[in-house]
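Chain by chain, the residues:
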Amino acid sequence: MRVYFLSCTPAILKLNGLYVGYIDNFERHIELDPADKVLAEIVPGENLQGVNFFLDEKFFADPPEFADVYLLENDALVFIREYDRKDVKLSVIYQTRFCGNLITVFSQGGVYLSCEGAEYTLTPLPVQFMKCRAEEEKLAGRDVLALYGGNKLIVISDGGKVIFKNTVETAEFGDGLLVRAPFETCTAAKAECSYSYDGEKLTQTGGRTIETRQPEPNIAHFAFFESVLTCGDFEKYLDDSLKPKAGDLKSYLGNFVSVTVPTEKFYTLHRNLTAAGLVYPKKKNLYEVKYFAVEMNGGKITNLYPVEN
């Protein structure tokens, strides 16, 4: 079994106590047998806590909170998504009184949002909120508090409830909420979404996907699958012979959540295929990657089909 390792921040990898190498956002791999129950230790820099776990059948069936596991046919990819901080003392990042609620962003190992009012809620936050700014806004005539951490936005109602939490590029408050959110796609696509507000919750009232650049011909098939995923104008990638079936594509491809580049091993086994990996959730932190190949003529897709093992 080939196991690939990725880390959200640079780290070193040890197996059974022996130094193996350096891992980051560029995948490295080893060959192992899960029956051998190899002990993996991953130690990051920046004074973060390391993680350790056995690479066995249990790990690949039920990953821990800090790791995402992707099953790649007979192989696997392990992505260490987060590390705790060694410094666990309480540190207040931002605090304010808002409409009778005490709103606090603080760090204690991780980053959290505390809302204390008629009710109490505690919400884990992305690390971007280590640096936080806030603005009071009006939404449908009601007061809301917008918290920004890098490109992340959280909106809190006057009742102290989190009503919006997402990555955004821009946000406009008024009679409703209008946000533009970037997708990590090869066409630099963006979603424009509008929401109405009834004082309790947001309801999406509209949305469209805009592709802001043309993909290179050699990655047009990735752009196609990403366009299906993001509800873009994916029909433009299809040959006229396939367009009558465009409405069936979403059900045919299923509930995939991202698109990935096939591994080096895949290309070794399937040299002549133009393919992409579609990522399907199996359970929390566990995903399965299925490969789909396309046939093209004149820059348009004439056929697509799953790649068998």
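The preceding data block contains the structure.
The shown structure was predicted, so the numbers you read here are calculated from the model rather than taken from an experiment.

How do you make sense of the pattern of salt bridges when you look at a structure like this?
Where charged atoms of side chains with opposite charge meet at close range, the side chains can pair. Within the structure shown, the criterion is met by 18 salt bridges. Here Asp-75 ties to Lys-265 by a salt bridge, and the two come within 3.0 Å at their closest N and O atoms. One end of the pair, Asp-75, is in strand S8 (residues 75-80); the other, Lys-265, is in helix H4 (residues 264-269), and 190 residues separate them in sequence. Asp-75 gets classed as buried once you look at its relative accessible area, which sits at 8%. In this structure Lys-265 comes out as partly exposed when scored by relative accessible area, which is 29%. Here the residues in one salt-bridge network are Asp-68, Arg-81 and Glu-82, joined through shared partners.

So what exactly am I meant to see when it comes to the sheet that holds strand S17 (residues 170-173) here?
Two orientations exist for strands paired in a sheet by backbone hydrogen bonds: parallel and antiparallel. Ordered in space as S17-S18-S19-S20, the four strands form an open sheet in which the pairing is antiparallel. Two strands close off the open sheet at either side, each with one partner strand: S17 and strand S20 (202-210). Neighbour-to-neighbour, the strand axes of this sheet turn through a mean angle of 15°, independent of strand direction. Pairing analysis gives six bridges linking strand S18 (residues 177-182) to strand S19 (residues 190-197), with the strands arranged antiparallel. Residue pairing across strands places Leu-178 opposite Ser-194, the latter belonging to S19.

About the cut-offs
- Counting starts from 1 at the beginning of each chain's written sequence and moves along it residue by residue.
- Where local features are concerned, this predicted model is filtered to residues with pLDDT of at least 70; where side-chain atom pairs are given and counted, the filter is 80 or more; whole-chain, interface and lining totals use all residues.
- Water and hydrogen atoms were dropped before computing side-chain values, which therefore reflect all heavy atoms in the structure.
- Every case where a carboxyl oxygen of Asp or Glu lies within 4 Å of a side-chain nitrogen of Lys or Arg is listed as a salt bridge.
- Numbering of helices and strands runs from the N terminus, with a helix taken as a DSSP run of H or I at least four residues long and a strand as a DSSP run of E at least two residues long.
- Any residue under 20% of the maximum accessible area for its type is buried, any over 50% is exposed, and the rest in between are partly exposed; the area is computed with a 1.4 Å probe on protein chains only.
- Being paired, for any two strands, means DSSP has found at least two bridges between them.
- Angles run from 0 to 180 degrees between N-to-C directions of axes, and those axes are lines fitted to C-alpha atoms, restricted for helices to the stretch in contact.

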